[in-house]
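A look at the structure
Residues per chain, in single letters:
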Amino acid sequence: MRVVVVGGGIVGLASAYYLAERGAEVVVCEQSSLGAGSTERSAGGIRQQFSTRVNVELSRASVPVWENFESEFGVDIQFRRPGYLLVAREQSTAAAFAENVAMQNDCGVPSELLSPAEARERCPELRAEEFVAATYSPTDGFADPHLALQGFAAGARDAGVEIVTGVTVTDVLRPDRGVAGVATTEGRLDADVVVNAAGPWAHEVAAMAGLTLPVAPRRRSVAVVDPEVPVPESVPLTIDLDSGAYFRPERDGAALVGGHFADHDPDADPDGFARSPGLDWTAEALERAADCADYFGPGTQVRRGWSGLYAVTPDHHPIVEETIPGFVNAVGFSGHGFQQAPATGGVVADLVHDGDTSLVDGSRLTSERFEDGQTVSERNVA
Ligand SMILES: Cc1cc2nc3c(=O)[nH]c(=O)nc-3n(C[C@H](O)[C@H](O)[C@H](O)COP(=O)(O)OP(=O)(O)OC[C@H]3O[C@@H](n4cnc5c(N)ncnc54)[C@H](O)[C@@H]3O)c2cc1C
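The paragraphs below set out a description of the structure included in this document. Please read these numbers as outputs of a predicted model, since none were measured by experiment. (Residues numbered from 1 in each chain as written. Predicted model: local features only at pLDDT ≥ 70, side-chain atom pairs only at ≥ 80, totals over all residues. Heavy atoms only, no water.)

Look at H316: it is not a glycine, yet its phi comes out positive at around 60°. Inspection of the secondary structure assignment puts H316 in the loop between β17 (301-312) and β18 (319-324). The backbone of S334 sits at a positive phi, close to 50°, despite the residue not being glycine. Along the polypeptide, S334 turns up in the loop between β19 (327-331) and α9 (341-354). (Helix = DSSP H or I, 4+ residues; strand = E, 2+ residues; numbered from the N terminus.)

It is worth spelling out the nonpolar core at this point. Ranked by internal contacts, the top residues of the largest apolar core, which has 49 residues, are V3, V5, L19, V26 and F152. The contact partners of V3, leaving out residues within four places of it in the chain, are L19, A24, E25, V26, V27, A191, V193, V195 and V352. Counting 26 residues, the second-largest nonpolar core is a separate cluster that includes L126, F131, V235 and L286. (Core = buried A, V, L, I, M, F, W, Y, C linked by side-chain atoms within 4.5 Å. Buried < 20%, exposed > 50% of the residue type's maximum accessible area, 1.4 Å probe, protein only. Contact = heavy atoms within 4.5 Å.)

With that settled, the discussion passes to helix α2 (residues 53-67). Helix length check: α2 (15 residues) gives 21 Å between terminal C-alpha atoms against 21 Å at 1.5 Å per residue, within 8%. Along α2, the positions that sit buried rather than exposed are V54, N55, V56, L58, S59, S62, V63, V65 and W66. Buried-residue contacts for α2 involve α1 (10-21), β3 (45-46), α3 (69-73), α4 (91-106), α6 (145-158) and α9. (Expected span 1.5 Å × (residues − 1).)

Taken together, the neighbourhood of the ligand is formed by 37 residues, with E30, S38, T39, G45 and Q339 sitting nearest. Within the contact set of the ligand, an oxygen atom lies 2.5 Å away from a side-chain nitrogen or oxygen of T39. Note that an oxygen atom of the ligand is positioned 3.1 Å from one of the backbone N or O atoms of F338. Summarising the interface, the protein chains cover 97% of the accessible area of the ligand, which totals 1000 Å² for the free molecule. Contributing elements (two or more residues each) for the shell around the ligand: α1, β2 (25-30) and β17. Looking at which element gives the most residues to the shell around the ligand, the answer is β17, with three residues. A class-by-class count of the residues in the shell around the ligand yields 16 nonpolar, 18 polar and three charged. (Near = heavy atom within 4 Å. Polar contact = N/O pair within 3.5 Å; in protein donor to acceptor, adjacent residues only side chain to side chain. Areas by Shrake-Rupley, 256 points an atom, 1.4 Å probe, with all protein chains shown as cover. Nonpolar A, V, L, I, M, F, W, Y, C, P; charged D, E, K, R; others polar.)

As structure tokens, this is what we get:
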């Protein structure tokens, strides 16, 4: 079976790897360089504390791959696991915590509900008095997206995948039935199956196949700072769910801060958005981080920052399905596509080879859910 994967980000490369492992002949077309879309702009977070079962399943099915990455791909992705700490200011946010933890525990995730004082034991400078509840899981953490991408690329090449960069897919060839391949800036490529893994460009690639998908590119920013009080590496990635701010330790006391604070969230142009966060966002991010924990006083120094794009669906879950015969979408991962890429690659390979998957409940990931109104939104978003 010949497969063309559109997009050389982490989702496209993981899909290519698992497809080839199962015997497909795969070409990955990347318009720019590998990872040049969202992947290299990710904060690298890997967690299982989601509010819906299918997001927990996608992340959980990815964990063994992250844990064994070095032995499988020969690359140390710097996977560190100080956990994730989710904190709530509002009773309405806290009310969902017990339900989330019960569901996560049922899925095998060792998360727990904490009081603000207990949360402070995990994150010593947390402004515990600001919060009413927290959840924590010790198995969450973060890794280096660049190294993970390189690992999947090398693994895919070893499995026989051809990866071409600087080649843009310009059309999906659809004769009367199914898919015949793609047109590219370097000519035609025949294929039995085309996989759309185009990240923030997913909507455009879907349109080439005659589809309209609810996936919107939305700009998100992060900054690396030297806080006033160094952030120890044992501090969890902490998300202040009600303010939208998050932070995690980098090395040597530095921290990465991020979040989305504006009420408006316009669609961005993936070919022409501002790649630098700007002063207003940076000032607000530091202020929100300081409201959350006393690491970030006025003496905090900004080292650098960058912006990238989330590919957002209305319910913050991806679309992973064979939408029309021969055309598979693996798109719309919001802020969790890096961590969910291994499982997604497995699901894509299952869909292409078997027409179904047992890795996760694929019925929750179809685009039909938007038509039926059968959506349940992910609440734990950052
Ligand atoms: C600031 C920020 C922080 C984030 N933090 C996290 C985090 O902590 N944890 C997490 O799990 N996720 C995080 N994410 C989200 C994560 O980065 C994405 O979900 C993930 O990288 C998506 O991977 P992808 O392969 O689908 O998309 P991409 O990496 O964008 O890859 C898509 C590729 O397709 C290519 N392409 C598009 N159109 C065409 C075409 N027509 N022809 C050929 N090639 C094409 C693009 O050039 C691009 O390289 C973050 C994102 C941002 C912006």
